[in-house]
Amino acid sequence: MINIQDIRDTARDMLAKGEARMVIGYRRGTRGMLAEPAFITDPAQADDLVWDPTCFNNLSLYLVHDKKFLAHMRENPKGPLAVQQRRSAAAFDGDDFVFTTAAGEKRLAAREVMADRCLECRAPYPKEHNLVFGEDKTGRQLEAPFAALERFEAQDAGQRWDAWSQHFDRCMRCFACRSVCPMCYCDECVVDSITFPVTAGTTAEEKATRIKWIERSATRSENITYLMTRAMHLAGRCTDCGECERACPVNVPIRMLNNKMEREAREKFGFEPGASIGGPSLVATFLDSDPGQFIR
Amino acid sequence: MSEPQADFEPKIVAFLCKWCSSAGSDLAGVSRIQYPANATPITIPCTGAVSPMYILSAFNKGADGVLVSGCHIGDCHYIEGNYLARRKMHLTMELLKFIGLEPNRFRMSWVSAAEGAKFAQVVTEFVDDVRKLGPQDKLRKVVSQ
């Protein structure tokens, strides 16, 4: 178990000593019981930090935001950010999920309450870190990796299309999956024409001749192009945090597309996404042994 | 999946590498080899330059099949373009199969500038396969009147 007071004390210390510019963590949300991301710069606010199973946002997204923000600033503020990382190990006793209510302690089987991404998590312990609270629970995998994907893939092509065509119909392209993704960093999104920058210097001809890969309307064909392009762009980079699937308001199993790409990368190309910092990317490298049997 | 139609002529978009397959299709032409005229060739500098978006976009805009053809492994004008293409196209193909598109709608081939006969054969086989599948209406954009 992690003592929340340790996290608060550390955060307060770091801010007071100037070791960190800001602590990104979780605090109690204003609506219901869920936690929300907190951005703490004042040591006095460190007591707002919470740590419980409702802390599920992936905060690494804000590091990407910060990096982008700094790139546009004239003078960089000094000091790193400290991030409270989410981990799936909170409040678990063996394979049971334990929580306390007014009527006493309750237990639920983890398999019933946990998201697929957490059940299949390979690394419930941060690989790169300066400071970690709680013990290493690596190896505590409740389901085999890609278990949900394999269950889906066991169906034939017709059934897969029936399922996906309904998912694609439902998507309304709110771009929530793109917004929460720590790996989607482009300022200009190739599948979203309104993100193309228009400045005073942009000529009418430039605007007119821009390639518009897909229409803005949220119809099935356009949604397919969007979601498939997103999966391709994340191939070999997605580390399966599963935020896209969680954020989706219409429950499109987006994670499955990313999982499919990750499995291909691991099995066919021997490539492990997120294994090395600064290593080569999946689609910018090749091996002589890459599969080529499908080519005539 | 739609039923095969007797009078159905598939629309094929063929991305042909400038250095090999495009020249290969020229050779098929000057050699007067007969092959179906269903393929619309688009010359690209290298198969490595084919973004998966080209393929998705072709299907989106009404192609019944997409062919990507380039130099044999080891013969790339840009040394390694087709190695990169092999990887990207494999991923694209797996993704298309995953959502339930027929695997025969997307094909990749290596055709060198000297293989006019092979180009004709690849296109003939591909058109036959796509003809059996009927029109592609899964990824096609529906334009309302």
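Just so you know, these numbers come straight off a predicted model, no measurement behind them. (Residues numbered from 1 in each chain as written. Chains lettered and ligands numbered in written order. Predicted model: local features only at pLDDT ≥ 70, side-chain atom pairs only at ≥ 80, totals over all residues.)

Draft legend 1. Representation of the overall build of chain B. The secondary structure content of chain B amounts to four helices and four strands. Each helix and strand of chain B, ordered N terminal to C terminal, gives the series β-α-β-α-β-α-β-α. A compact globule built from 145 residues should have a C-alpha radius of gyration of about 15 Å, and chain B, at 15 Å, falls within 12% of that. Each principal axis of the C-alpha atoms in chain B carries an extent, and together these give about 45 × 35 × 25 Å. Counting only residues that meet the buried cut, chain B has 53% of its 145 residues in that class. A separation threshold of at least 6 residues defines the contact pool for chain B, and within that pool the share at least 24 residues apart is 84%. (Helix = DSSP H or I, 4+ residues; strand = E, 2+ residues; numbered from the N terminus. Rg over C-alpha atoms; globule rule 2.2 N^0.38 Å. Buried ≥ 20, exposed ≤ 12 C-beta atoms within 10 Å, placed from the backbone. Contact = placed C-beta atoms within 7 Å.)

Draft legend 2. Broad picture of the overall build of chain A. The helix and strand tally for chain A stands at 11 helices and six strands. Expressed as lengths along the three principal axes of its C-alpha atoms, the size of chain A is roughly 60 × 55 × 45 Å. Partitioning the contacts of chain A with sequence separation of at least 6, the portion at a separation of at least 24 is 59%.

Draft legend 3. Structural detail: the environment of A:I254. Residue and element names in this part refer to chain A. By the element assignment, I254 lies in helix 11 (residues 254-269). With 24 C-beta atoms counted inside 10 Å, the residue I254 sits in the buried group. With 36 residues separating them in the primary sequence, I254 and A218 have C-alpha atoms 16 Å apart.

Draft legend 4. Representation of the interface of chain A and chain B. The interface is formed by 30 residues belonging to chain A together with 31 residues belonging to chain B. Going through the elements one at a time, helix 6 (157-170), helix 9 (220-234) and helix 11 of chain A are the ones with two or more residues in the side of chain A that touches chain B. Ranked by residues supplied to the side of chain A that touches chain B, first place goes to helix 9 of chain A with seven residues. Residues of the side of chain A that touches chain B, tallied by class, amount to 18 nonpolar, six polar and six charged. (Nonpolar A, V, L, I, M, F, W, Y, C, P; charged D, E, K, R; others polar.)

Draft legend 5. Spatial organisation of helix 1 (residues 4-17) of chain A. Residues and elements named next belong to chain A. In a regular helix each residue adds 1.5 Å, so 14 residues correspond to 20 Å; helix 1 covers 20 Å between its end C-alpha atoms and thus fits that length. Within helix 1, burial applies to I7, R8, A11, M14 and L15. Here the buried residues of helix 1 occupy an arc of 135 degrees about the axis, which is enough to place them on one side. Across from the buried face of helix 1, at angles greater than 90 degrees, the exposed residues are Q5, D6 and K17. Two residues or fewer past helix 1, G18 is found with a positive phi of approximately 75 degrees. (Expected span 1.5 Å × (residues − 1). Arc of directions from axis to C-beta.)

Draft legend 6. Inspection of the nonpolar core at higher detail. Counting 83 residues, the largest nonpolar core has A:L227, A:A231, A:A235, A:M261, B:I12, B:V66 and B:L95 as its most contacted members. It is helix 3 (residues 81-98) of chain B that provides the largest number of residues to this core, a total of nine residues. In this structure, A:A11, A:M14, A:M22 and A:A46 belong to the second largest nonpolar core, which totals 17 residues. (Core = buried A, V, L, I, M, F, W, Y, C linked by C-beta atoms within 7 Å.)

Draft legend 7. Structural view of helix 6 of chain A. All names here are of chain A. Between its terminal C-alpha atoms helix 6 stretches 20 Å, which fits the 20 Å expected from 14 residues at 1.5 Å a residue. Within helix 6 the residues assigned to the buried category are W164, H167 and F168. Projection of helix 6 onto a plane perpendicular to its axis shows the buried side chains occupying an angular sector of 95 degrees, all on one side. Structural note: helix 6 exposes G158, Q159, D162 and Q166 on the side pointing more than 90 degrees away from its buried face.

Draft legend 8. How the structure looks around the environment of A:E272. Examined against the element boundaries, A:E272 turns out to sit in the segment after helix 11. When the C-alpha positions of A:E272 and A:A154 are compared, they lie 24 Å apart, and in sequence the two are 118 residues distant.

Draft legend 9. Geometry of the pairing of strand 3 (residues 65-70) of chain B. Residue and element names in this part refer to chain B. Across the six residues of strand 3, six count as buried, placing the element largely inside the fold. On strand 3, burial covers both faces: G65, L67 and S69 on one face and V66, V68 and G70 on the other are all buried. Summarising the sheet, strand 3 and strand 4 (residues 106-110) pair through five bridges and their orientation is parallel. Residue pairing across strands places L67 opposite R107, the latter belonging to strand 4. Crossover connection from strand 3 via helix 3 to parallel strand 4: handedness right-handed. (Pairing = 2+ DSSP bridges. Right-handed = clockwise from strand over helix to strand, strands pointing away.)

Draft legend 10. Local environment of the packing of helix 11 of chain A against helix 3 of chain B. Axis separation between helix 11 of chain A and helix 3 of chain B bottoms out at 10 Å; the angle between their running directions is 135 degrees. Taken together, helix 11 of chain A and helix 3 of chain B sit at an angle that is classed as oblique. At the point where helix 11 of chain A passes helix 3 of chain B, the crossing takes the right-handed sense. Across the interface between the two elements, A:L257, A:K260, A:M261, A:E264, A:K268 and A:F269 from helix 11 of chain A touch B:R87, B:H90, B:L91, B:E94, B:L95 and B:F98 from helix 3 of chain B. Each residue belonging to the contact of helix 11 of chain A with helix 3 of chain B can be placed in one class, and the counts come to six nonpolar, one polar and five charged. (Axes fitted to C-alpha atoms, helices over the stretch in contact; angles between N-to-C directions. Parallel < 35°, antiparallel > 145°, perpendicular 65-115°, else oblique. Left-handed = near helix turned anticlockwise from the far one by under 90°.)

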